[in-house]
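Overview (structure and organization)
So you can see what is in the structure, the chains are spelled out below.
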Amino acid sequence: MRVVKPKILGTLKVQLMMSGTYAVINDIKNAPNKLIIPCDNYEHGLEIIERLKKIKLGEVIYT
């Protein structure tokens, strides 16, 4: 999945979704800064959060 870092990142957390899968979600409720990134497990979600914190505005990461 291709993810572009938004201007406002907010507080990121790994959350268990209703379908039983995990996702990285930020606390922003409005587009275009809303993020919902599906991940395989909790550790993979923490890795995605660390990668998002290290990149600059507008850079692209692939999960």
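Remember, it's a predicted structure, so these values are computed and weren't measured experimentally. (Residues numbered from 1 in each chain as written. Predicted model: local features only at pLDDT ≥ 70, side-chain atom pairs only at ≥ 80, totals over all residues. Heavy atoms only, no water.)

Before going further, it helps to spend a moment on the nonpolar core. Grouped together as the largest cluster of nonpolar side chains are 13 residues, with contacts concentrated most on Val 3, Leu 12, Val 24, Leu 35, Ile 37, Ile 48 and Leu 52. If you list the elements that add at least two residues to this core, you get strand S2 (12-16), strand S4 (36-39) and helix H1 (42-54). In terms of residues, this core owes the most to one element, H1, which gives 3 residues. In contact with Leu 12, other than residues within four places in its own chain, are Val 24, Ile 25, Asn 26, Leu 35, Ile 49 and Leu 52. (Core = buried A, V, L, I, M, F, W, Y, C linked by side-chain atoms within 4.5 Å. Buried < 20%, exposed > 50% of the residue type's maximum accessible area, 1.4 Å probe, protein only. Helix = DSSP H or I, 4+ residues; strand = E, 2+ residues; numbered from the N terminus. Contact = heavy atoms within 4.5 Å.)

Before going further, it helps to spend a moment on the sheet that holds S4. The strand order across the open sheet formed by 3 strands is S2-S3-S4, and the pairing between neighbours is antiparallel. Looking at which strands have only one partner, the edges of the open sheet turn out to be S2 and S4. Across this sheet, the average inter-strand angle for adjacent strands is 30°, counted without regard to direction. Examined bridge by bridge, S2 and strand S3 (residues 22-26) share 5 bridges and lie antiparallel to one another. Across the sheet, the residue bridging to Gln 15 is Ala 23, located in S3. (Pairing = 2+ DSSP bridges. Axes fitted to C-alpha atoms, helices over the stretch in contact; angles between N-to-C directions.)

It is worth stressing that arrangement in space is one thing and function is another; only the former is reported here.
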